[in-house]
Amino acid sequence: MVNLNIKSMRYLSAEDFRTLTAVEMGSRNHEVVPTSMINQIAKLRGGTCAKSLSILYMTKLIAKMPHISYDGYRLTSAGYDYLALKALSKRASVYSVGNQIGVGKESDVYVVSDQKGKQYILKIHRLGRTSFRSVKNNRDYLKNRKTSSWQYLSRLAATKEFTFMKILYEHGFPIPKPIDHSRHCVIMEFIDAFPLRAIQEVKDPADLYKRLIDILVRLARNGLIHGDYNEFNIIVYEDGTPVIIDFPQMVSTSHPDAKWYFERDLNCIVDYFKKHYVYEGPVPDFDDIINMEKENSLDVLVEATGFNKKQAKELERYRKDIEERKSKGELEPEEDEEQKEESSEEEEEDGE
């Protein structure tokens with residue numbers, strides 16, 4: 001797990017952030033960015049860039065890689081976190097970072113506050129948590145990218161989620177209000193409710209079941225399928241009103257496997273209510289829904305807003321690859337950035 005440690009942020013100068021941004025820009029074409037290129041991009045006078053590189057390296061925002069034939073640095077997860085949070089703080093979306101309240105296979109969730117003390121949720125996408133050592137090799141959707149795959153795909157996931165959230169919120173779906181996003185981070189409304197998985201007894205299972213199925217059907221009538229509709233991604237207010245979260249796996253109803261995705265979402269709810277609340281309700285048919293008149297084509301609107309089919313396919317192929325390799329037992333647990341940096345430093349010392 002990558003820990004979010006922002007203690008050093010207040011001590012970094014504008015020149016340090018400029019240098020860190022230069023490393024990020026160089027990372028688009030180099031996994032390890034040559035020091036000469038960092039200097040060229042940063043355009044700082046005298047030895048300022050060298051001093052900043054030393055500070056960034058000491059604070060583990062950048063790292064060296066062993067067995068590289070030239071002097072250079074790569075951007076770490078912490079460095080990417082700092083760049084995103086700096087951008088969000090400049091826009092007054094984040095002032096302070098509080099406790100971590102959630103961790104998943106592909107994200108970390110924190111409570112944050114703005115300058116007035118209003119609380120929000122910060123979701124940091126971390127798709128590199130599953131081993132990219134096995135994913136990147138011989139994968140045509142990543143092999144032409146010299147930039148770090150975790151960085152690119154995490155940014156894609158955040159962009160996708162924020163884009164879908166904006167469209168869904170504007171069309172009255174029960175989701176947290178999206179506030180802002182930068183790189184792999186999304187800021188959204190803080191919802192004071194309970195995850196469905198934590199609710200042992202529901203006052204009115206039939207009512208909650210109907211509400212959840214209605215949301216699923218309404219999404220489909222607007223051209224969308226959630227893709228991960230389960231007890232982990234549904235939170236419920238005390239009065240029984242559900243709110244839906246987690247949107248990086250949404251697909252269009254025009255997707256070739258749309259029916260499969262819809263039925264998987266549907267079965268998650270049906271099976272959960274049957275097992276935990278001993279309730280069985282009516283089950284809608286995907287073909288019947290598709291044959292109804294569409295309310296809107298939100299899938300088309302999302303693409304027009306900035307998240308295109310090519311990006312969607314890259315994310316989808318990554319996830320399918322992960323599932324396939326997981327089923328074959330081919331994935332290894334990925335080292336976190338701190339472990340990588342420690343092992344890199346040890347190898348450097350051994351080589352001296």
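On a predicted model such as this, the values are computed, not experimentally measured, just so you know.

A. Main features of the confidence of the model for the chain. Summary statistics for the chain give a mean pLDDT of 87 and a share of 86% for residues scoring 70 or more. Here residues 334-343 is modelled with pLDDT under 50, and outside its nearest four sequence neighbours on either side it reaches 24 contacts, counting other chains as well.

B. Here's a closer look at empty space enclosed by the protein. Across all of its chains, the model carries one cavity of 30 Å³ or more by this definition. One number sums up the size of the largest cavity: a volume of about 40 Å³. Together, Leu168, Phe173, Ile175, Ile215, Leu219, His226, Ile244, Phe247 and Met250 line the largest cavity. Along the lines of polarity and charge, the residues of the lining of the largest cavity split into eight nonpolar, one polar and no charged.

C. View of the pattern of salt bridges. Across all of its chains, the model carries 13 salt bridges by this definition. Asp180 serves as the salt-bridge partner of Arg91, at 2.9 Å between the closest nitrogen and oxygen. Within this pair, whereas Arg91 is found in the loop between helix H4 (77-90) and strand E4 (96-103), its partner Asp180 is found in strand E7 (residues 178-182), the two being separated by 89 residues in sequence. The exposure class of Asp180 is buried, given its relative accessible area of 12%. Where Asp299 meets Lys294, a salt bridge forms, and the shortest distance between an N and an O atom there is 3.9 Å. For Lys294, a relative accessible area of 40% puts it in the partly exposed group. Here the residues in one salt-bridge network are Asp81, Asp108 and Arg126, joined through shared partners.

D. Quick peek at the packing of aromatic side chains. According to the stated counting rule, one finds eight aromatic pairs in the structure shown. Judged by centre distance (5.5 Å) and plane angle (70°), the rings of Tyr209 and Phe273 are edge-to-face. Residue Tyr209 is located in helix H7 (residues 205-221), and its partner Phe273 is located in helix H8 (residues 258-276); the two are separated by 64 residues in the primary sequence. Judged by relative accessible area, which is 2%, Tyr209 ranks as buried. You can call Phe273 buried: its relative accessible area is 0%. Plain terms: the ring middles of Phe262 and Phe286 are 5.2 Å apart, the flat faces sit at 45° to each other, and that makes the pair tilted. Within this pair, whereas Phe262 is found in helix H8, its partner Phe286 is found in helix H9 (residues 286-291), the two being separated by 24 residues in sequence. Phe286 gets classed as buried once you look at its relative accessible area, which sits at 6%. Taken together, the ring pairs in this structure connect Tyr209, Tyr272, Phe273, Tyr277 and Tyr279 into an aromatic cluster. Over the ring of Phe173 we find Arg218, and its NZ or CZ is 3.9 Å from the ring centre.

E. Spotlight on the sheet that holds strand E9 (residues 194-195). With antiparallel pairing, the three strands of this open sheet are ordered in space as E9-E11-E12. The sheet terminates laterally at E9 and strand E12 (242-244), the two strands that pair on one side only. In this structure, E9 lies alongside strand E11 (residues 234-236), joined through two bridges in antiparallel fashion. Looking at E11, one finds that Phe194 is bridged to Val236. Relative to E12, H7 is tilted by about 30°, and along the sheet it contacts E11 and E12.

F. Molecular detail of helix H6 (residues 149-170). In this model H6 runs 32 Å from its N-terminal to its C-terminal C-alpha over 22 residues, within 8% of the 32 Å that 1.5 Å per residue would give. The buried fraction of H6 amounts to 18 of the 22 residues, a majority that puts the element mostly inside the structure. Residue Gly172 follows H6 closely and has a positive phi angle near 80°.

G. Summary view of the packing of helix H1 (residues 14-26) against helix H2 (residues 35-42). In the contact formed by H1 and H2, the axes pass within 8 Å of each other and the chain directions differ by 120°. By the angle class used here, H1 and H2 are oblique. Taken as a pair, H1 and H2 cross one another with a handedness that is right-handed. Within the contact between the two elements, H1 uses Arg18, Thr19, Ala22, Val23, Met25 and Gly26 and H2 uses Met37, Ile38, Ile41 and Ala42.

What counts, and at which threshold
Residues numbered from 1 in each chain as written. Predicted model: local features only at pLDDT ≥ 70, side-chain atom pairs only at ≥ 80, totals over all residues. Heavy atoms only, no water. pLDDT = per-residue confidence, 0-100. Contact = heavy atoms within 4.5 Å. 1 Å grid on protein atoms, 1.4 Å probe; cavity = no way out; pocket = protein on both sides within 12 Å on 5 of 7 lines; lining within 4 Å. Points joined across faces, edges and corners; volume = space filled by probe spheres on them. Nonpolar A, V, L, I, M, F, W, Y, C, P; charged D, E, K, R; others polar. Salt bridge = Lys/Arg side-chain N within 4 Å of Asp/Glu carboxyl O. Helix = DSSP H or I, 4+ residues; strand = E, 2+ residues; numbered from the N terminus. Buried < 20%, exposed > 50% of the residue type's maximum accessible area, 1.4 Å probe, protein only. Phe/Tyr/Trp six-rings, centres within 6.5 Å; stacked < 30°, edge-to-face > 60°. Lys NZ or Arg CZ within 6 Å of the ring centre and 35° of its normal. Pairing = 2+ DSSP bridges. Axes fitted to C-alpha atoms, helices over the stretch in contact; angles between N-to-C directions. Expected span 1.5 Å × (residues − 1). Parallel < 35°, antiparallel > 145°, perpendicular 65-115°, else oblique. Left-handed = near helix turned anticlockwise from the far one by under 90°.

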